[in-house]
Amino acid sequence: MRSALVCGAGGFIGGHLVKRLKAEGFWVRGVDLKRHEYVETAADDFVIGDLRDPYFCRQMIDRRFDEVYQLAADMGGAGFIFTGENDADIMHNSGTINLNVLDACRKRLIPRIFYSSSACIYPAYNQLDPDNPNCEESSAYPAAPDSEYGWEKLFSERLYLTYARCHGMDVRVARYHNIFGPEGTWTGGREKAPAAMCRKIAMTPDGGSIDIWGDGQQTRSFLYVSECVEGTLRLMRSGFSGPVNIGSKEMVTINQLADMIMQIAGKRVEKRHIPGPLGVRGRNSDNRLIREKLDWAPSQPLAAGLETTYSWIERQTRSNTTKRAA
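Now for a look at the structure at hand. The model shown is predicted, which means the values in this text are computed figures rather than measured ones.

The rules behind each value
- Residues numbered from 1 in each chain as written.
- Predicted model: local features only at pLDDT ≥ 70, side-chain atom pairs only at ≥ 80, totals over all residues.
- Heavy atoms only, no water.
- Helix = DSSP H or I, 4+ residues; strand = E, 2+ residues; numbered from the N terminus.
- Rg over C-alpha atoms; globule rule 2.2 N^0.38 Å.
- Buried < 20%, exposed > 50% of the residue type's maximum accessible area, 1.4 Å probe, protein only.
- Contact = heavy atoms within 4.5 Å.
- Areas by Shrake-Rupley, 256 points an atom, 1.4 Å probe, with all protein chains shown as cover.
- Core = buried A, V, L, I, M, F, W, Y, C linked by side-chain atoms within 4.5 Å.
- Phe/Tyr/Trp six-rings, centres within 6.5 Å; stacked < 30°, edge-to-face > 60°.

**Here we look at the overall build of the protein chain**
Next up, step 1: Within the protein chain one finds ten helices and 13 strands.
Next up, step 2: Relative to a compact globule of 326 residues, whose C-alpha radius of gyration would be 20 Å, the protein chain shows 19 Å and is just as compact.
Next up, step 3: Overall size of the protein chain, expressed as C-alpha extent along the three principal axes, is 60 × 50 × 40 Å.
Next up, step 4: Taking all 326 residues of the protein chain together, 56% fall into the buried category.
Next up, step 5: Relative to all contacts within the protein chain whose residues are 6 or more apart in sequence, the contacts with residues 24 or more apart total 78%.
Next up, step 6: Summing over all exposed atoms, the protein chain offers an accessible surface of approximately 13,900 Å²; the carbon and sulfur share of this is 49%.

Structure, rendered in structure tokens:
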């Protein structure tokens, strides 16, 4: 039986990836600091522990797994990444995890390891025009990410590719673009824009108002989690190392994102624009390279993923309200 290790299996993408690997017949070990908040893990073996600890990390990589997926990181949405308050933790925690996991894999002769990087590595100077951002993979240098989170991701990309070159390891590197869907963080400060917007609209009565950071004209693309997992597995089993974008080409403004969710919810609420952390002015996935190398690219319309996500988050808000009332 094929075996896989998923680091960060208690998180949003990691949880969905474990389910997909199990459906494909893998024996799966999942590792995280915590259990999944919303669903029972599908992993055969789920271990709670800290991959920043090199001894624990070596214990988890105790065999020659067929595939290792390194998704574990200190991360969140704009409210977590762009305030500056969490920069030291982000760089230290994620950097330490990557150093430990990669070196343990080298010593176990792991045949292939996947690393989840981020669109946050792209230079801020290429993302000033909200209507025409440049996120082609080759545009990453000269480097100028807009956050320390982006700098750490870029360093870790180089770390994995250097291990591949110097130690003959087979690595795969993907740059994720704003992954969303059910069973992900939707409250507490680390949630990303689609989840935050779904929560705000679900909890606001028709005719009420919600707060949006900035003028709402900043652009993004958002990728539904099942397509993220599909792209991840296709890259992992391809002959291409990357880095490559895994994201949607359907770019919308944050105001348009809010309008789409309002339509799904059957509500009209006022958008109040307030100061807040924003990130770059525009970002969209350039999918030319993934089409060339994998003969595939994400294609699901944003609205379809938002319908499923809003329904799930709306149920969470109702459940939380019921619990508080009780």
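**Regarding unusual backbone geometry**
Next up, step 1: The omega angle of the peptide bond from Y141 to P142 is 0 degrees, so this bond is cis rather than trans.
Next up, step 2: Here P142 is to be found in the loop between β5 (113–118) and α5 (148–167).
Next up, step 3: The peptide bond linking G242 to P243 adopts the cis configuration, its omega dihedral lying at 5 degrees.
Next up, step 4: Positive phi values are uncommon outside glycine, yet N178 reaches one of about 50 degrees.
Next up, step 5: Considering the arrangement of structural elements, one finds N178 in the loop between β6 (171–176) and β7 (179–180).
Next up, step 6: Of note, the phi angle at D295 is positive, near 55 degrees, even though the residue is not glycine.
Next up, step 7: Residue placement: D295 occurs in the loop between α9 (288–294) and α10 (302–325).
Next up, step 8: For D295, a relative accessible area of 70% puts it in the exposed group.

**A short note on the nonpolar core**
Among soluble globular proteins, nonpolar side chains are generally buried collectively.
Next up, step 1: Counting 57 residues, the largest nonpolar core has L21, Y69 and M197 as its most contacted members.
Next up, step 2: Each residue touching M197, except ones within four places of it in the same chain, is listed here: I210, I212, I254, L257, A258 and I261.
Next up, step 3: Ranked by size, the runner-up nonpolar core spans 26 residues in total, among them F65, A72, Y115 and M169.

**Considering the packing of aromatic side chains**
Next up, step 1: Considering all chains together, one arrives at five aromatic pairs under this definition.
Next up, step 2: Where Y69 meets F114, the ring centres are 6.0 Å apart and the plane angle is 45 degrees; that geometry is what we call tilted. Residue Y69 is found in strand β4 (residues 67–70), and its partner F114 is found in strand β5; the two are separated by 45 residues along the sequence. In terms of burial, Y69 and F114 fall into one category: buried.
Next up, step 3: Pairing Y115 with Y160 gives two aromatic rings, centres 4.6 Å apart and planes at 10 degrees, and the pair type is stacked. Residue Y115 is located in strand β5, and its partner Y160 is located in helix α5; the two are separated by 45 residues in the primary sequence.

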